[in-house]
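# Structure assessment
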Amino acid sequence: MPEPVAADDTMALARIPRPPREPAPVFGGETLWPEGDTGRPGPARVVQVVAGDFLLTVNPVDGSEVAQCPPEERRSPVLRSAQDRQRQTEARRPPLPPGPHAPELPLLERDEERERLIRLLARGRSVRVTGPSGAGRSSLLDVVAEACADLAPDGILRLSGYRRTSADLLQDLFSLVYEADGYRPDRPRLLELLSDVGAIVVLDDLEFGGAALEELLNAVPECAFLITATPDVAAPASDSQIEEVFLPGLTRVACLALLEHVVKRPLDEEEAAWAADLWFESEGLPLRFFQAGALLRQRDVLRNPIEAGKEWDDSVWTSDPETGGPFDAEPANRVPLPSLAESAAPAELLASRLSEAAQQALDFAVALDGECPHPSHLPALVGDTHGDAALGEIAACGLAVPVASHYRLAAGVRQQLSAGLATETEDTARALAAAQHYTWWAGHASVAPERAASEAEAILAAMAACRDAGHPSNAVLLARTAAPAFAGALHWSAWERALRIGQESARLAGEVAEEAYFHHELGVLALCTGGLDRARAELEASIALRGALADRQGTLVGRRTLALVNDRSSGSAALVPAVAGLEIPGAGPDSHLAASAAPRDTYDPPVTVISKRLAAGGAPAARRTVRAALANPRRNILAAGAAAALAAVIGTVVTLGSGGGGSENRNVPNNVKPVESAQPDDQNAGLPADQQTTDGTTSTKPGTPTSGAATTPGGVPAKSGKPGGSSTAPGTGTQTSPSTGHTKPPSTSTGGPTGSPSASPTASTSPSASTSTSATPTETTTPPITPPAGG
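The present account deals with the structure reproduced in this document. Please read these numbers as outputs of a predicted model, since none were measured by experiment. (Residues numbered from 1 in each chain as written. Predicted model: local features only at pLDDT ≥ 70, side-chain atom pairs only at ≥ 80, totals over all residues. Heavy atoms only, no water.)

### Side note on the packing of helix H8 (residues 269-282) against helix H9 (residues 286-303)
H9 packs onto H8 with a crossing angle of 150° between their chain directions and a minimal axis gap of 11 Å. Relative to H9, the element H8 lies roughly antiparallel. Here H8 runs over H9; the crossing is right-handed. Where H8 approaches H9, its residues Glu271, Trp274, Ala275, Leu278, Trp279, Glu281 and Ser282 are matched on the opposing element by Arg288, Phe289, Ala292, Leu296, Arg299 and Arg303. Among the residues forming the contact of H8 with H9, the class breakdown is seven nonpolar, one polar and five charged. (Axes fitted to C-alpha atoms, helices over the stretch in contact; angles between N-to-C directions. Helix = DSSP H or I, 4+ residues; strand = E, 2+ residues; numbered from the N terminus. Parallel < 35°, antiparallel > 145°, perpendicular 65-115°, else oblique. Left-handed = near helix turned anticlockwise from the far one by under 90°. Contact = heavy atoms within 4.5 Å. Nonpolar A, V, L, I, M, F, W, Y, C, P; charged D, E, K, R; others polar.)

This is how it looks when you write it as structure tokens:
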């Protein structure tokens, strides 16, 4: 028996070479193509999906097209059975990676929280469990969900809130309850379909709160939500009915019991003291003691190195093959316990004792912002045919945890590894290699859109890393390849993020054609989600860029989509309530609530507004007028300008005419000006009639000479000695009309079209009296009052 090799706390575990093997089939028989495959991908995949009332054709070449969905393409959702929902739920959870498996941990000291959550859910209340990362929130959810499986008619529905919006979660809930592939209903239809769903929705890793959370809860009123979130997530609204449960850390006794369960043996005094210090530092988080247990297991293996000739199983959880238990412990001075600093940040020490393939997989995860690639990609990325077991080795040490449909580095691991495992140049090289690999893989004809969408987080991280590291062209190529797959899989939040990263990268790289493509796709996405203004702006930018590049086909596709946006905008404008001509109960004819756009004689009797659909109450002619006015704003502006110019011309003509024909008008005693009135002005009230003026000042008495020359009604100075050359205001007595015989009160002058008294056409005043007798534009719009013939 050879002498055991001395080991220290930084020594990596030895590995025995193994024969290569083919990658294992994953995802229902789909296999990863060999890295040396030089075959070109198949033709561009064109996918058609139904989004509300639109038929969306995802075209990766010229841009997606949107059209009104024909009746034969409309989807009819069908409710899934309970067994089908269970299968869908299991399919959305990350698969167990090959390689060594971590031991299952018991749920310690959570009985009180568990019973409280079950009671609240049984009463139909929604609960949010708040706790730090690593507190065991997901484990608690699994136990509570199993206990509440029979409380709701539709059972338990599991969702993940990781990088998901409220709209994404509603779509995920719809696809879990209904069977309708390739269909994304609009919001009114979605709320209608989900209104009758009665289930307990288990939502892990929620990333939003406040009004967005209330919107999610109100959208499914018959469901009770069991939500987990970290303390940095926004709190619910102040008037929310959701219950809050905080999840604290474990006690010292529970942490020691958890550590013994992980190492599968009792702790000695030194290890117990070390665990007590760790409990004080970590505040009792279960994940930290899971990682501490991995350190002790690695220490046990280092104290008992493998004998030559025995097969190595790639596991740090190595046990004695003869007894099935741990190896007999060597003296503790061989491998010392980790220091408090190493146990507080154990990622670097744990990674140093992993296999080479696992260390490279960790490097890729660090370069991809903590997102772990799927095990099927690891052989190609790390260059090892057994690389698919690397993720299992990482997860067994507590360095990676399941989230949504994939694995991600645990909280704090990326920060601990970013300085110790790789330099910035190496991170950039790995991100570039991952982007090239995903570009080839996502564009392959054998990869379904749903399969590509399951790798969305790693793909998006590779895009962002290439953009930030100075390789925008690689980010553009990956975005052009992956974005259509995200759209076809109805993962629209990932679609939007890919488009925005691609647009920014194309601008940085100076690729105008690609930037136009991303503008077009963003416009299509905005149209499908109801953002018409944003859709118009994006499409106009795309059309302008493609027009500059003489891209005829792309410009044609953009113009067709823009025409649909304009039609939808016109349709929305036509639905604006037409309140013209409607009477509001209790409002007088002069009230600001009464509409004056339509004449009162166009309808009988008046219509009272009793509902929100105001357009149904107006007259047909008024509705057509309002609709035409709203549909043609530009034509209305031109018409208004022309009318104003015409009014100005007519006013000028009338003014000149009144000046030139003054002699004829003065000979007609009963010629009344359009705005002439016999009612006294308020500002002259209480004054003698001979002192009333248009501006409220005291006038001269009859017969008193005025300063300045008199003027005619036309504004021409009158010559003295001729009729009409100088005149004063008439006396205060009454006047009798020669033609009608009616008695009139003394006429006075007026200062404007306000309904105040006006002067007789034959009377002229001096300039000092501030009386104007020339016609104004307002006066020209009212026809003169002609006395009836024959008196």
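### What about the nonpolar core?
Grouped burial of nonpolar side chains is what soluble globular proteins tend to show. With 88 residues, the main nonpolar core has Leu56, Leu399, Met463, Phe486 and Trp495 as its most contacted residues. Discounting chain neighbours no more than four positions away, the residues touching Phe486 are Ala452, Ala453, Ala456, Ile459, Leu460, His491, Trp492, Ala494, Trp495 and Ala498. Within the second largest apolar cluster, 32 residues are counted, among which are Cys69, Leu170, Val197 and Leu216. (Core = buried A, V, L, I, M, F, W, Y, C linked by side-chain atoms within 4.5 Å. Buried < 20%, exposed > 50% of the residue type's maximum accessible area, 1.4 Å probe, protein only.)

### Considering the environment of Ala212
Relative to the helices and strands, Ala212 resides in helix H6 (residues 210-219). Considered as a pair, Ala212 and Thr165 are 47 residues apart in the sequence and their alpha carbons are 8.4 Å apart.

### Topic: the sheet that holds strand E10 (residues 224-229)
On the basis of which strands lie adjacent, the open sheet formed by five strands has the order E6-E9-E10-E5-E11 and parallel pairing. The open sheet has two free edges, formed respectively by strand E6 (156-160) and strand E11 (243-246), since each of these has just one partner strand. Ignoring which end each strand starts from, the neighbouring axes of this sheet average 15° apart. Sheet topology places strand E5 (residues 127-130) next to E10; four bridges connect them, and they run parallel. In the strand pairing of E10, Val129 is matched with Thr228. (Pairing = 2+ DSSP bridges.)

### Quick word on the pattern of salt bridges
The full count for this structure, using the stated rule, is 33 salt bridges. Taking the shortest distance from any N to any O, the salt bridge between Asp363 and Arg430 comes out at 3.0 Å. In this pair, Asp363 is assigned in helix H12 (residues 356-367) and Arg430 in helix H16 (residues 424-442), connecting sequence segments 67 residues apart. One salt-bridge network, in which partners are shared between bridges, spans Arg265, Glu271, Arg299, Asp300 and Arg303. (Salt bridge = Lys/Arg side-chain N within 4 Å of Asp/Glu carboxyl O.)

### Digging into the sheet that holds strand E1 (residues 47-51)
What the four strands build is an open sheet, ordered E3-E2-E1-E8; its pairing is mixed. Each having just a single partner strand, strand E3 (65-68) and strand E8 (183-184) make up the two edges of the open sheet. Judged from the five bridges that link them, E1 and strand E2 (residues 54-58) form a sheet pairing that is antiparallel. In the strand pairing of E2, Ala51 is matched with Phe54.

### So, the environment of Pro375
Structurally, the position occupied by Pro375 is in the loop between H12 and helix H13 (378-382). Relative accessible area serves as the criterion here: at 10%, Pro375 is assigned to the buried category. Through-space distance from the C-alpha of Pro375 to that of Ala389 is 7.1 Å; in sequence the pair is 14 residues apart. If near-sequence neighbours (up to four positions away) are discounted, Pro375 is found in contact with Pro97, Pro98, Asp388 and Leu391.

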